[in-house]
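Examination of the molecular architecture
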Amino acid sequence: MTTTPDARPRGTRLPRMARRRQLLGAAQEVFVAQGYHAAAMDEIAERAGVSKPVLYQHFPGKLELYLALLDEHAEGLVSTVRDALASTTDNKLRVHASMQAFFDFVSGDGEAYRLVFESDLRNVAQVRARVERANHKCAEMIAKVIQEDTQAPVDEAYLLGMGLVGMAEVSARYWLSQQKSIPKETAENVIARLAWRGISGFPRTP
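Residues numbered from 1 in each chain as written. Predicted model: local features only at pLDDT ≥ 70, side-chain atom pairs only at ≥ 80, totals over all residues. Heavy atoms only, no water.

**Structural notes on the UniProt feature "DNA-binding region" (unreviewed entry) in the protein chain**
- The UniProt record annotates "DNA-binding region" (unreviewed entry) at residues 40-59.
- Segment residues 40-59 splits into 75% helix and 0% strand. End C-alpha atoms: 13 Å apart. (UniProt positions renumbered as here; feature names shortened; annotations may be inferred. Helix = DSSP H or I, 4+ residues; strand = E, 2+ residues; numbered from the N terminus.)

**Regarding the packing of aromatic side chains**
- The full count for this structure, using the stated rule, is 5 aromatic pairs.
- Where Phe31 meets Tyr36, the ring centres are 5.8 Å apart and the plane angle is 15 degrees; that geometry is what we call stacked. Like Tyr36, Phe31 is buried.
- Ring geometry for Phe31 versus Tyr66: centroids 5.0 Å apart, planes at 80 degrees, classification edge-to-face. Taken together, the residues Phe31 in helix α1 (residues 16-38) and Tyr66 in helix α4 (residues 62-86) connect sequence positions 35 residues apart.
- The class for Tyr66 is buried, based on a relative accessible area of 2%.
- Its guanidinium or amino end placed over the ring of Tyr36, Lys62 lies 4.4 Å from that ring's centre, counting from NZ or CZ. (Phe/Tyr/Trp six-rings, centres within 6.5 Å; stacked < 30°, edge-to-face > 60°. Buried < 20%, exposed > 50% of the residue type's maximum accessible area, 1.4 Å probe, protein only. Lys NZ or Arg CZ within 6 Å of the ring centre and 35° of its normal.)

**Structural notes on the side chain of Ser119**
- Looking at where Ser119 falls in the secondary structure, it is placed in the loop between α6 (113-117) and α7 (125-149).
- Accessibility expressed as a relative area gives 10% for Ser119, which makes it buried.
- Setting aside residues no more than four positions away along its own chain, Ser119 makes contact with Tyr66, Arg114 and Val127. (Contact = heavy atoms within 4.5 Å.)

**Points about the UniProt feature "domain: HTH tetR-type" (unreviewed entry) in the protein chain**
- In this numbering, the UniProt entry assigns the feature "domain: HTH tetR-type" (unreviewed entry) to residues 17-77.
- Helix makes up 87% of residues 17-77 and strand 0%, and the two end C-alpha atoms of the span are 22 Å apart.

**Let's talk about the nonpolar core**
- Among the nonpolar cores identified, the biggest contains 64 residues, and Phe31, Ile44, Leu65 and Phe102 are the most heavily contacted of them.
- Residue assignment for this core shows that the elements contributing at least two residues are α1, α2 (41-48), α4, α5 (91-106), α6, α7, α8 (154-177) and α9 (184-199).
- Sequence-distant contacts of Phe31, defined by excluding residues within four places in its chain, comprise Tyr36, Ala39, Ile44, Lys62, Leu65, Tyr66, Leu69 and Leu115. (Core = buried A, V, L, I, M, F, W, Y, C linked by side-chain atoms within 4.5 Å.)

**Some points on the pattern of salt bridges**
- With the rule as written, the count across this model stands at 14 salt bridges.
- A salt bridge links Arg82 to Glu75; the nearest nitrogen and oxygen atoms lie 3.9 Å apart.
- Residue classification places Arg82 among the partly exposed residues on the basis of a relative accessible area of 38%.
- Taking relative accessible area as the criterion, Glu75 reaches 33% and is therefore assigned partly exposed.
- One salt bridge in this structure joins Glu118 and Arg173, with 3.7 Å as the shortest N-O distance. Taken together, the positions of Glu118 in the loop between α6 and α7 and Arg173 in helix α8 put the pair 55 residues apart, joining distant regions of the chain.
- Under the relative-accessibility criterion, Arg173 is labelled partly exposed at 26%.
- Beyond isolated ion pairs, a larger network of salt bridges with shared partners links Glu111, Arg114, Glu118, Glu169 and Arg173. (Salt bridge = Lys/Arg side-chain N within 4 Å of Asp/Glu carboxyl O.)

The following block contains the structure:
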């Protein structure tokens, strides 16, 4: 096999967790560039600078490797939204921070958002379940704030949370697909204003 230009040199022994991190980094580059189906374990091993048996010591197959990456980045999105909600008690600022969290995620290094939002494995139950779980976690966190501060019933609050998540995701991905023709801060402000004008119309609990 021809060595890729970005392949790491072989022969360096690393602690297990450091090696796992290295393998995940190489796998992300290959999966993002080629998609799951076109990616090959040979190429991932080569890019990481390890033998294929070493790769299989850590991940028994390509799907397990992909799921490990998906788990990491899906949880990263959830954590970013959680931090956004906890960053202030001002609800207008919370809405802005939540929208910003999605823009930050899609514009992050390595295009990891593709693994979560644009996977060519969305029809695989294990992948779909993980993506849906991340979206539900984000919606639940937002719904909890809505329910605490308004008179909205639980089901309505959750629907509103999911609506805000969908708005943030689709808007952020569209913004990125347009080669960031609008400055990121401007795009965040536009979507945050739209979201706030809607959600602020619900009466607050006395």
